[in-house]
Amino acid sequence: MSVHEDAIAIRDDMIRLRRQVHAEPEIGLDLPRTQERVLTALDGLPLEVSLGEGLSSVTAVLRANRPGPVVLLRADMDALPVQERTGLGYASRVEGVMHACGHDLHTAMLVGAAHVLAARRDALPGDVIFMFQPGEEGWDGSAAMIAEGVLDAAGKRPDAAYALHVFAAAVPHGSFTARPGTTMAASDGLEVTVVGSGGHGARPHRANDPIPVICEIVTALQTLVTRQSDIFDPVVLTVGSLHAGTRRNVIPDTARFEATLRTFSAPAKARIKDAAITLAESIARAHGLRAEVTYVDGYPMTVNDPQETAFVAGTIGEVLGEHRFHQLAAPLPGSEDFSRVLQRIPGAFVLLGAGDGTADNHSPLAEFDDSVLPDGAAVLAELALRRGRGVPA
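Reading the values: rules and limits
- Residues numbered from 1 in each chain as written.
- Predicted model: local features only at pLDDT ≥ 70, side-chain atom pairs only at ≥ 80, totals over all residues.
- Heavy atoms only, no water.
- Axes fitted to C-alpha atoms, helices over the stretch in contact; angles between N-to-C directions.
- Helix = DSSP H or I, 4+ residues; strand = E, 2+ residues; numbered from the N terminus.
- Parallel < 35°, antiparallel > 145°, perpendicular 65-115°, else oblique.
- Left-handed = near helix turned anticlockwise from the far one by under 90°.
- Contact = heavy atoms within 4.5 Å.
- Pairing = 2+ DSSP bridges.
- Buried < 20%, exposed > 50% of the residue type's maximum accessible area, 1.4 Å probe, protein only.

Asks: Just checking my understanding: could you explain the packing of helix α8 (residues 306-320) against helix α10 (residues 373-386) for this structure?
Replies: Packed helices, taken two at a time, are described by the angle between their axes plus the distance between the axes. At a minimum axis separation of 10 Å, α8 and α10 run at an interaxial angle of 120°. Between α8 and α10, the angle is such that the two are oblique. In this structure, α8 meets α10 at a crossing whose hand is right-handed. When α8 is examined against α10, the residues Phe311, Val312, Thr315, Ile316, Glu318, Val319 and Leu320 are found in contact with a partner set consisting of Asp375, Val379, Glu382, Leu383 and Arg386.

Asks: Is there a simple way to explain the sheet that holds strand β8 (residues 186-195) in this structure?
Replies: Sheet strands pair by backbone hydrogen bonding; their relative direction is either parallel or antiparallel. Read from one edge of the open sheet, 4 strands run β10-β12-β8-β13, paired in antiparallel fashion. Strands with a single pairing partner mark the edges of an open sheet, and in this sheet they are β10 (235-244) and β13 (290-299). Direction aside, neighbouring strands of the sheet carry axes that sit 15° apart on average. Docked against the sheet, helix α7 (residues 266-286) engages β8, β10, β12 (254-263) and β13, running at close to 160° with respect to β13.

Asks: Could you clarify how one ought to interpret the pairing of strand β5 (residues 160-167) in this entry?
Replies: On a regular strand, each side chain points to the face opposite its neighbour's, so the side chains alternate between the two faces of the sheet. Within β5, 8 of the 8 residues are buried, which leaves the element mostly enclosed by the surrounding structure. The two faces of β5 match: Ala160, Tyr162, Leu164 and Val166 on one face and Ala161, Ala163, His165 and Phe167 on the other face are all buried. Sheet topology note: the strand β3 (residues 71-76)/β5 ladder contains 4 bridges and is parallel. Across the sheet, the residue bridging to Val71 is Ala160, located in β5.

By themselves these figures say nothing about function.
Dropping the structure here:
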């Protein structure tokens, strides 16, 4: 049987695991139920398993019978603070928590790949590290696992690293896509508190009102992006949280907002970081107030190695057919902490269409199709099996 046929043979097991994980989603770095389900699903395989100390991670190493390149395969396992509204029979049973980004599929596919590869251990050209990661959704679980030694789990650094991510609407169903170079944006945070002095709403001249000042900063930031950023090296700025005051007739002491800044190159990030901080401080100062500004460095850009990306494209074409892979035309403005692995190890982050396009990732209505599980598991397994042949020059 082919690897793809092996993956199809365990389809029901992957579906069962995916739906169990989906029904009991967990947020952040502490995923005890998910971790236990993964361990149960891997039980009996010839793996060297270790658990995280500061997070509910699972690292499993499959040893080859001969020396060769080490390959790391990663799946993230955490959910989002979203109230599910899909009406599925296996919908989340946890109030306010949902696998709205498809990490339950990633988990099931990587477990499937572990089973397929364990059955073909004699054919492995080198060791495989299976990285089951919590905390991708803003918790930087990848950095935590790297700090705890996931990249050294096999005794030597991986020669290549790969991850799949499903999309409910952004990618056509059943299609795989990737691109060389920058694939997803860096995502940073901007936190601004304007400090004034409160007073009565009837006598604003006797107070230092921070609200119109913070509104001016928010508006000016939008102009800053359009006037100081190269349209071919864009910046995406979104103010997602703004708070001030308690009553309509009370001028508050402070007003605060939080924003995200997404960039696709190091120069663009450095430029907007300096400009945004200067702008906020200067506008507040011009009004006789003070701005406390914090810039929070978040996930870096996700950058695919060109040779590894070509290797992925060729593997998918041979395993599933050339029509199943399409090169991604432009980077995506989302961000991903697998970027931290790709900063250290050449590899590729690959997208897979798994929905009908009606609701996108992170939506309470997002639905993902179980039928893609064997394809995803087969591609991950084939990447590990074929990597020993090298990558295109």
